[in-house]
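These are the residues of each chain, in order.
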Amino acid sequence: MKGRILSSNGLLAVSGEGVSEGYKPKEPFAADGQDTTFAMFAFVLGFFFIRWVMFSWQGWGVTVFAIVYCFAVTMYFVKKGIIITRSGLFWLAAVILIGVSYSLYANNGLEPWRSLFLFCAAVYYVSNASGRLILDNTSNWLMLDGINAVFVIPFKNFGCQYKSLSSSKYIKRSFGKQFLSIALGLLLALLVAGMVLPLLLKADGGGFLRIANRLIEYYRWMQNRFENIIIEVILAIPTSAYIFGLAAGCAHNRGCSTFKREDIQYGAESVRILAAATVYTVLGLICLLYIVFIGSQLPYFFSAFAGQRPEGWQVYSEYARSGFFELCQIAAINLSLLTLANLFCRKLQGRNYALKILNCLLSLLTLLLIATAFSKMALYIGAYGLSIRRLLPCLFMVFLTVVFTGVIVLQKLRFSIVRFSIVAGTVMLCILCLLNPDGFVAAYNAERYLSGTLESFDVRILYQSGPAGIDPALKVYSRTSDKELKAELSAYIFDQREESTRKSGRTQDNLQNMLVRQKAAEFAEHKNQY
């Protein structure tokens, strides 16, 4: 190398034929016809994301956007010669299934988690399908892959959409030259129409006046919506740049190497600073603490399995809720403890059997605590019925059970525990979104109330369920003799009818709202027969 000098910040700089070692050259972006086409279509995606999705996250508009988004990105990758990975197909299916659920059910109880997951999955699909992950697949570095996909790649390629459009020869030659001519033609046409239109109205026999009045009404209607459209167009510009930046960055492998595999592996090895004896001591004492605690609390802890209250507890709700969420927190803390212990523990020569045994022991103790928490919640539901706030923690406990079981299996087999966990969680969420959990909660309470195993029917849970509670409400209304309850159910049914009618014909509508309108109308017509 020639002309070696030391720069002011200590980095090695080279003049002449040399290249600075501290300087990272910009990655070029050479757009082609596929990039230009997708850049224009990205504006459409950005506009409809703002119009249909961003301010509502409800109804068939989200479904249509999700499907069109997946189709557009997939076709763009195919045209660019990118082979979609197998794991990419899994995330494609997840995005489409979650998107389809919006046109089926409101799923009020799953918000905002359903919408947050859909956004993250849609972004992660692009990075995964193009093979731009740190380890070319979902791995233990999922968090870094997610940061790369959500923040780094889109914003590093934020201006590529405009580069694609500006580099298009067709746009330069056709659109650029014809724009002023078209604008001049429109201006002249307006001037001539302004002179001719009053004369036509005077000579009109009535038909043209009706057309003109309709145009004026349409103009006033458009004027009322014009401000919203302008705001949506303005917001669509950065949104489309984000969508194109993500897809084009992955397609061109531009800005995708912020987190390098070698650097991450070196960093992971460098944080192994704790001696094995330290980790063994921490895990061993924590396991001993749990064993002593469980042993001293046996009558209290496991009475829930038999469906009984221990002595000193007179109220079901106090006993069932006491310690449930604390046990959930302990399970989450134990998962973090296992992660940190295995991350910071120094590697020993040969197999680390002691660490594997402690991992299994702590996981088994955590599974025991999870089972206890389950039994307490089951006791609470048995006494007071189900709600979405009681159902979701139970499902979270199921997820943690799967994760800790995976940790135990991991001590014998080699696989990515993060990939196993995220796939399991994704499958659970997809199934949950398509099974209408709000409707299940309302139907469960209705069945138990009508069978006499539930003392009262809480109408507030119906309101939390939204349109999903219409069938159970009609069923209870037709079979109960409680006039006060009937009045409350009638108010709920008409409230849902009004809400679903408001969404009729709009992108926030869904199949569930359509059924509500139909059944509520039948209820209003034949109310005395119920």
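Everything that follows concerns the structure shown earlier in this document.
This is a predicted model, so every value here is computed, not measured.

Tallying secondary structure elements over the protein gives 21 helices and two strands in all. The 530 residues of the protein split such that 40% are buried.

Glancing now at the side chain of N334. By the secondary structure assignment, N334 is in helix α13 (residues 324–344). Taking the relative accessible area as the measure of exposure, N334 reaches 1% and is therefore buried. For N334, the side chain forms a polar contact with the side chain of T366, separated by 2.9 Å. When near neighbours in sequence (up to four residues on either side) are disregarded, N334 contacts Y290, L362, T366 and F404.

What the rule picks out here adds up to 12 salt bridges. The shortest N-O distance in the salt bridge between K519 and D471 comes to 2.6 Å. Note that K519 is positioned in helix α21 (residues 511–525) and D471 in helix α19 (residues 470–479), a separation of 48 residues in sequence. One salt bridge in this structure joins R502 and E499, with 2.5 Å as the shortest N-O distance. Pair noted here: R502 and E499 are both in helix α20 (residues 483–503), with a separation of three residues, about one helical turn.

This brings us to the packing of helix α4 (residues 113–129) against helix α5 (residues 142–156). Across the interface, α4 lies against α5 with an axial gap of 9 Å and an inter-helix angle of 100°. One element, α4, and the other, α5, form an angle in the roughly perpendicular class. Together, V123, Y124 and S127 of α4 and L142, D145, A149 and V150 of α5 make up the contact between the two elements. For the contact of α4 with α5, a count of residues per class yields five nonpolar, one polar and one charged.

What follows is about the packing of helix α14 (residues 353–384) against helix α15 (residues 388–410). With their axes 10 Å apart at the nearest point, α14 and α15 run at an angle of 160° to one another. Classified by the angle their axes make, α14 and α15 are roughly antiparallel. In the crossing of α14 with α15, the sense of the turn from one axis to the other is left-handed. Residues C360, S363, L364, T366, L367, I370, A373, F374, M377, Y380, I381 and Y384 of α14 form the contact with α15, whose participating residues are R390, C394, M397, V398, L400, T401, F404, T405, V407 and I408. Each residue belonging to the contact of α14 with α15 can be placed in one class, and the counts come to 17 nonpolar, four polar and one charged.

So, about the environment of Q411. Take Q411: it is sitting in the loop between α15 and α16 (417–434). A residue is classified by how much of its surface remains accessible, and Q411, at 15% relative accessible area, is buried. Along the sequence, Q411 and Y353 sit 58 residues apart, while their C-alpha atoms lie 9.0 Å from each other. Setting aside anything within four residues of it in sequence, one finds Q411 in contact with K356, N359 and C360.

It is worth spelling out the packing of aromatic side chains at this point. Counted under the stated rule, the structure contains 23 aromatic pairs. Between F49 and W57, the aromatic rings sit 6.1 Å apart at their centres with planes inclined by 85°, giving edge-to-face as the arrangement. Site record: aromatic cluster; members linked through ring pairs are F29, F38, Y76, F77 and F244. Positioned over the ring face of Y477 is K486, at 5.0 Å from the centre of the ring.

Below, the discussion takes up the nonpolar core. Residues F38, Y69, F77, I98, Y125, V126 and F244 are the most contacted members of the largest nonpolar core, which totals 54 residues. The leading source of residues in this core is α4, at nine residues. Excluding residues within four positions of it along the chain, I98 makes contact with R114, F117, L118, L429, C430 and C433. Of all hydrophobic cores here, the second largest spans 34 residues; its members include V279, L365, Y380 and L391.

Considered as a void within the structure, the largest pocket measures approximately 2,000 Å³ in volume. Around the largest pocket, the lining comprises 45 residues; the ones closest to its centre are N140, R272, N342, L410 and I417. The element best represented in the lining of the largest pocket is α13, accounting for seven residues. Per-class residue counts for the lining of the largest pocket are 23 nonpolar, 13 polar and nine charged. In this model, the second largest pocket occupies a volume close to 1,300 Å³. Residue lining of the second largest pocket: 35 residues in total, with F117, F399, I422, G425 and L429 positioned closest to the centre. At the level of secondary structure, the elements contributing two or more residues to the lining of the second largest pocket comprise α4, α5, α15, α16 and α17 (437–451). When residues of the lining of the second largest pocket are assigned to their parent elements, the largest contribution, eight residues, is made by α16. Residue composition of the lining of the second largest pocket, grouped by class: 31 nonpolar, four polar and no charged.

With that settled, the discussion passes to unusual backbone geometry. Of the consecutive residues E111 and P112, the connecting peptide bond is found in the cis state with omega at 5°. With respect to the helices and strands, the residue P112 is situated in the loop between α3 (86–104) and α4. Positive phi, close to 60°, is recorded for N436, a residue that is not glycine. By the element assignment, N436 lies in the loop between α16 and α17.

Within the element layout of this structure, S363 appears in helix α14. Sequence-distant contacts of S363, defined by excluding residues within four places in its chain, comprise L338, F404, V407 and I408.

Our next topic: the environment of E269. Considering the arrangement of structural elements, one finds E269 in helix α9 (residues 261–270). Linking E269 and K347, residues 78 residues apart in sequence, is a C-alpha distance of 9.0 Å.

Each α-helix turn comprises 3.6 residues. Residues three or four places apart therefore point the same way. Over its 20 residues, helix α2 (residues 60–79) extends 28 Å from the first C-alpha to the last, a length consistent with the 28 Å expected when each residue adds 1.5 Å. Buried residues of α2: G61, V62, T63, F65, A66, Y69, C70, A72, V73, T74, Y76 and F77, and no others. Phi for G81, located one or two positions after α2, is positive at around 80°.

Each value, and the rule that gives it
Residues numbered from 1 in each chain as written. Predicted model: local features only at pLDDT ≥ 70, side-chain atom pairs only at ≥ 80, totals over all residues. Heavy atoms only, no water. Helix = DSSP H or I, 4+ residues; strand = E, 2+ residues; numbered from the N terminus. Buried < 20%, exposed > 50% of the residue type's maximum accessible area, 1.4 Å probe, protein only. Polar contact = N/O pair within 3.5 Å; in protein donor to acceptor, adjacent residues only side chain to side chain. Contact = heavy atoms within 4.5 Å. Salt bridge = Lys/Arg side-chain N within 4 Å of Asp/Glu carboxyl O. Axes fitted to C-alpha atoms, helices over the stretch in contact; angles between N-to-C directions. Parallel < 35°, antiparallel > 145°, perpendicular 65-115°, else oblique. Nonpolar A, V, L, I, M, F, W, Y, C, P; charged D, E, K, R; others polar. Left-handed = near helix turned anticlockwise from the far one by under 90°. Phe/Tyr/Trp six-rings, centres within 6.5 Å; stacked < 30°, edge-to-face > 60°. Lys NZ or Arg CZ within 6 Å of the ring centre and 35° of its normal. Core = buried A, V, L, I, M, F, W, Y, C linked by side-chain atoms within 4.5 Å. 1 Å grid on protein atoms, 1.4 Å probe; cavity = no way out; pocket = protein on both sides within 12 Å on 5 of 7 lines; lining within 4 Å. Points joined across faces, edges and corners; volume = space filled by probe spheres on them. Expected span 1.5 Å × (residues − 1).

Honestly, it's all geometry; don't read function into it.
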